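Structure assessment
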Amino acid sequence: MRVVGIRRTGSDRVEVAALTDTGDAVRVLAGLDEFWCDPTAHLAEEPAGAVLPRDEVTLVPPVLPGAKVICIGLNYLKHVAEGSYGAEPLPEFPTLFARWPSTLTVDGAQIPVPTDEEGLDWEGEVVAWVGRELSCATADEALDAVVGYSTFNDVTARRAQKITSQWILGKNADRSGPLGPLVPAHDVGDLRDGLRVRTRVNGTTVQDASTDEMVYTVGETLAHISRTLTLRPGDLLATGTPSGVGYARTPAWLLHPGDHVEVEVEKLGVLRNTIVASQRRPAHN
């Protein structure tokens, strides 16, 4: 099953639906709030809602407006080594930063380069979806609460990321977080067993790694977070990107308007997006 968010033509209401095997239609599972009240039950049932042609709906992330989108930075040793952090000792706990749900988008969406950026950088990775409340959880409890996984591209505005010690600005550019369909956890298995993660730019492979290379695992990280703040159904954890990002290359390689970027994760599918020019007009005095 591949689960997406949809808006029907002429409606602002978000629903959750399963893509058909051919991808040319969706079958409605539930409204967004209803789905996240009990996602495990909805994923366990055979979809029985209306079948809608793909061209009669708009795909949107099936993300609650108030969801927490927490991301792990520097979670693959080779990625740590390739950047400006390679000389620093590996911290005991993961580096965490946040995205706003409004920055997320979907497969096929266009991603604009912000006005002051020379380009954008790719970061192919996996997102884990929390399926039930977690507070002071153990690592095993936290992993068991993961209801699904998605392919993700944590597209980054490097200039904005690097001008301060905090990464929030560079990680929250408009429509910079394309997210693939949710695939149920029981269809994916444990990321510690290794899923291949690959990123391609205009057909050239730029990242190729396995999730078993992660330093901080999904269960351990969610448990760590849950000791400070309560995680709820619909919250997301982006698990970090492997080596091969653009800014660390010589010369640097960034995404520019017209470029096509793909992230492919074994069992989760391919996420395809196109880079476009800034769609914001600078203010003039």
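Residues numbered from 1 in each chain as written. Predicted model: local features only at pLDDT ≥ 70, side-chain atom pairs only at ≥ 80, totals over all residues. Heavy atoms only, no water.

Per an unreviewed UniProt entry, the protein chain goes by Fumarylacetoacetate hydrolase family protein and derives from Mycolicibacterium smegmatis. Of the comments in the UniProt record for the protein chain, the one headed Sequence similarities (unreviewed entry) reads "Belongs to the FAH family." (UniProt positions renumbered as here; feature names shortened; annotations may be inferred.)

Judged by nonpolar contacts, the single largest core of 31 residues is most densely connected at L134, Y149, L191, V218 and L222. No other element matches the 4 residues that helix α7 (residues 218–226) contributes to this core. V218 has contacts with A128, L143, V146, L191, L237 and T239, leaving out every residue within four places of it along the chain. Core analysis: the second largest hydrophobic core is formed by 28 residues, L29, F97, V147 and L182 among them. (Core = buried A, V, L, I, M, F, W, Y, C linked by side-chain atoms within 4.5 Å. Buried < 20%, exposed > 50% of the residue type's maximum accessible area, 1.4 Å probe, protein only. Helix = DSSP H or I, 4+ residues; strand = E, 2+ residues; numbered from the N terminus. Contact = heavy atoms within 4.5 Å.)

This paragraph deals with the domain arrangement of the protein chain. Considered domain by domain, the protein chain is made up of domain 1 (1–58) and domain 2 (67–274). For domain 1 and domain 2, the distance between their C-alpha centroids amounts to 24 Å. If you look at the interface, domain 1 gives 9 residues, while domain 2 gives 11 residues. At the surface where domain 1 touches domain 2, the tally comes to 0 salt bridges. Those elements that place two or more of their residues in the side of domain 1 that touches domain 2 are β1 (3–8) and α2 (39–44). (Domains from an automatic or database assignment. Salt bridge = Lys/Arg side-chain N within 4 Å of Asp/Glu carboxyl O.)

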